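Close look at the chain arrangement
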Amino acid sequence: MPGPVHAPPLPFHLPLGLPGRPSVSVTSDVLEQGQVRYVVRGRRLHGTLIVVPEAPYGGPLKPRTVRVHFGDGTDEVKPYTPRPDEPVVNGVRIHGATESINPATVQRAHYFLASRAVVLRNGYESRRIPDGARSVTEALVVAVVRHWRQRPDRSDLIRAAVRHRADAQAAYERLKVRALEEKLAVVRAERAGARQRSRQLTGLVRRRQPPVQAPHAIPVRLPLAASDGTDMGVLTVRELEVNVLPGRVVYEISGPRVGRGLVTLGPDSYGNSPVPGGLYACWGRPTNASWFTKDRIGMPKVNGVTVHGGWSHSGRTVTATSPDTSKAQVPAGPGRSVSVSPLTHRRAAAVLRALAIHYTARRDLEALRVAAGKQNAERSRTCVSEELDRLRRREARLTRRLRQHRTREAYFMALLPSTTSLASPSRAA
């Protein structure tokens, strides 16, 4: 038994709104994927336009924009590949597609015929649409899109377009969800670390300062050794200050090829621990509470040159021969400095290692570290509080975005048949 016979679509007329240009005869029919084909015939004008509802990744769940493809077919427009029945306007054939168009606000404008709509020439050559043909094409696109907006089945067409891309859209949203879950896990771990640090700093502020030893008036003699074990003599060391600069000890030193001067040692100031470990040594004594200032007094001479700079050591072990410490420096003009010679560095490194061994052997070392930590605890606690606020805000933003993308993923999944396998956006695009 023969199937039903579908009547061909009836033509209707669309005015172009151009002076001297009559309306055009149009037939339209619905294609798959929510696309609508418009076949137009008029004076010096004929061809096919396809109105395609857009469903871009990350766009609205109910898309608002369309593109118009020139020529027949439901496939994507390919550059330099002509399509059947591309519109011929004033004798020139229009190839390509429009930019995104919002049917609710469309009007004659050059923007939607930007770079995607051209006149093809031989091979891979193209040229701009002539002004006369461009004006007619713009008016035709506006008329067709406005008609499409008035269609009673417009909502169904949009749903069909969204459903066609639901597989790829769901996969895209899933990628977004996974990326946000990873970012959220990092932020939550950072918040947990910041909370722990805040508790430690609060405990440090409340902690009673353990007693520290008074300076030893009697000098001690420390052996010096190069990194290769060579004996370099004996360094005479006397304590001048203990904990005047919180956590620091100021030593007066002298020895072979080491002129009398000051060296300050204390816990490492670069770490993040509330109670700092390691050590930091600098030539001379800072003149204020800033540990890193270059304005120091009493910098000694090594091999006849005044040395300055510092040495940060975050590790636990210092021996008479290791590590090799950082390079000592000498001034080289306003705001400039250079490293000392290898021989001077060799002796300066031996001096700092000997002092580091002496300092870390103190019975009140933990009390000095607590004093150094308490000096900055209140300020650090304020910084950690600000960091927690920042992390809370970031976590809230990520949580909102994650919720949105999970909702979008569920929306697109609901449009899929239960047996459909998800494709990646790159394969579906």
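Going by the structure above, here's the rest.
The sections below set out a description of the structure shown in this document. Residue indices begin from 1 for each chain and proceed along its sequence in written order. Only residues with pLDDT of at least 70 are given local features in this predicted model, and only at 80 or more are side-chain atom pairs given and counted; all residues enter the totals for whole chains, interfaces and linings. Only hydrogens and water are set aside when side-chain values are computed; all heavy atoms of the structure are taken into account.

Observations concerning the overall build of the protein chain
Convention followed: By definition, any uninterrupted DSSP run of H or I lasting at least four residues is a helix, any uninterrupted run of E lasting at least two residues is a strand, and each is numbered from the N terminus. Buried means the residue's accessible area, taken with a 1.4 Å probe over protein chains only, is under 20% of the maximum for its type, while exposed means over 50%, and partly exposed covers the values in between. Contact between two residues is taken to exist if any of their heavy atoms lie within 4.5 Å; hydrogens are not considered.
Across its full length, the protein chain carries six helices and 21 strands. With respect to the principal axes defined by its C-alpha atoms, the protein chain has extents near 115 × 45 × 40 Å. For the protein chain, the proportion of its 429 residues judged to be buried stands at 42%. Taking the intrachain contacts of the protein chain between residues at least 6 apart in sequence as the baseline, contacts between residues at least 24 apart amount to 57%.

Remarks on the packing of aromatic side chains
Test applied: Aromatic pairs are defined between Phe, Tyr and Trp rings, using the six-membered ring for Trp, whenever the two ring centres lie within 6.5 Å; interplanar angles under 30 degrees are classed as stacked, those over 60 as edge-to-face, and all others as tilted. Over a ring means this: the NZ of a Lys or the CZ of an Arg is within 6 Å of the ring centre and within 35 degrees of the ring normal.
Under the counting rule described, the total for this entry stands at three aromatic pairs. Considering the side-chain rings of Y411 and F412, the 5.4 Å spacing of their centres and the 75° angle between planes classify their relative orientation as edge-to-face. The buried category is assigned to F412, whose relative accessible area is 3%. Looking at R165, its charged tip hangs above the ring of Y57, at a distance of 4.7 Å from the centre.

Some points on the nonpolar core
The condition that has to hold: As used in this record, nonpolar core signifies buried Ala, Val, Leu, Ile, Met, Phe, Trp, Tyr and Cys residues forming a set joined through side-chain atoms within 4.5 Å.
Among the nonpolar cores identified, the biggest contains 42 residues, and L16, V68, F70, I101, L140, V141 and W148 are the most heavily contacted of them. Ranked by residue count, the leading element in this core is helix α1 (residues 131–149), at 10 residues. Beyond its immediate chain neighbours, meaning those up to four positions away, V141 contacts L49, V68, F70, T98, I101 and F112. By size, the runner-up hydrophobic cluster in this structure holds 33 residues, among which are L222, L265, V318 and Y359.

A closer look at the environment of L416
One can find L416 in the loop between α5 (365–414) and α6 (425–428). Note on L416: relative accessible area 15%, which makes it buried.

Observations concerning the pairing of strand β10 (residues 220–225)
Counted only if it meets this: Two strands qualify as a pair provided DSSP detects at least 2 bridges between them.
As paired strands, β10 and strand β11 (residues 231–242) are joined by five bridges and run antiparallel to one another. Its bridge partner being in β11, L222 is matched across the sheet by L235. Remark: five residues form the turn of the hairpin made by β10 and β11, two consecutive strands paired antiparallel; G229 in that turn has positive phi of roughly 90°.

Details of unusual backbone geometry
Here the amide bond leading from S322 into P323 is cis, since omega sits at -5°, within 30 degrees of zero. Along the chain, the position of P323 falls in the loop between β19 (310–313) and β20 (329–331). The phi angle at R44 is positive, at roughly 55°, despite the residue not being glycine. Topologically, R44 is positioned in the loop between β3 (36–42) and β4 (45–53). Its identity as a non-glycine residue notwithstanding, D85 has a phi of 55°, on the positive side.

Describing helix α2 (residues 154–164)
Condition: Read the arc as the range of directions from the helix axis to the C-beta atoms.
Residues of α2 that are buried: L157, I158, A161 and V162. Around the axis of α2, the buried residues are gathered within 135° of arc, so they sit on the same side. As for α2, its buried residues are in contact with β2 (24–30), β3, β4, α1, α3 (166–206) and α5.

Let's talk about a positive patch on the surface
Selection criterion: Like-charged residues are merged into a patch within 9 Å and nonpolar side chains (Val, Leu, Ile, Met, Phe, Trp, Tyr) within 5 Å, provided each residue has over 30% relative accessible area and no salt bridge. Accessible areas in this description were obtained via Shrake-Rupley with a 1.4 Å probe; residue shielding takes into account the shown protein chains only. Here, a salt bridge means any side-chain nitrogen of Lys or Arg that lies within 4 Å of a carboxyl oxygen of Asp or Glu. Counted charges follow a simple rule, with Lys and Arg positive, Asp and Glu negative, and His plus the chain ends left uncounted. Where a charge lies is defined by one atom per residue type: Lys uses NZ, Arg uses CZ, Asp uses CG and Glu uses CD.
On the surface, a cluster of positive charge is contributed by K176, K183, R390, R393, R394, R397, R400, R401 and R403. Taken together, the elements giving at least two residues each to the positive patch come down to α3 and α5. Ranked by residues supplied to the positive patch, first place goes to α5 with seven residues. Residue R400 is classed as partly exposed on the basis of its relative accessible area, which comes to 43%.

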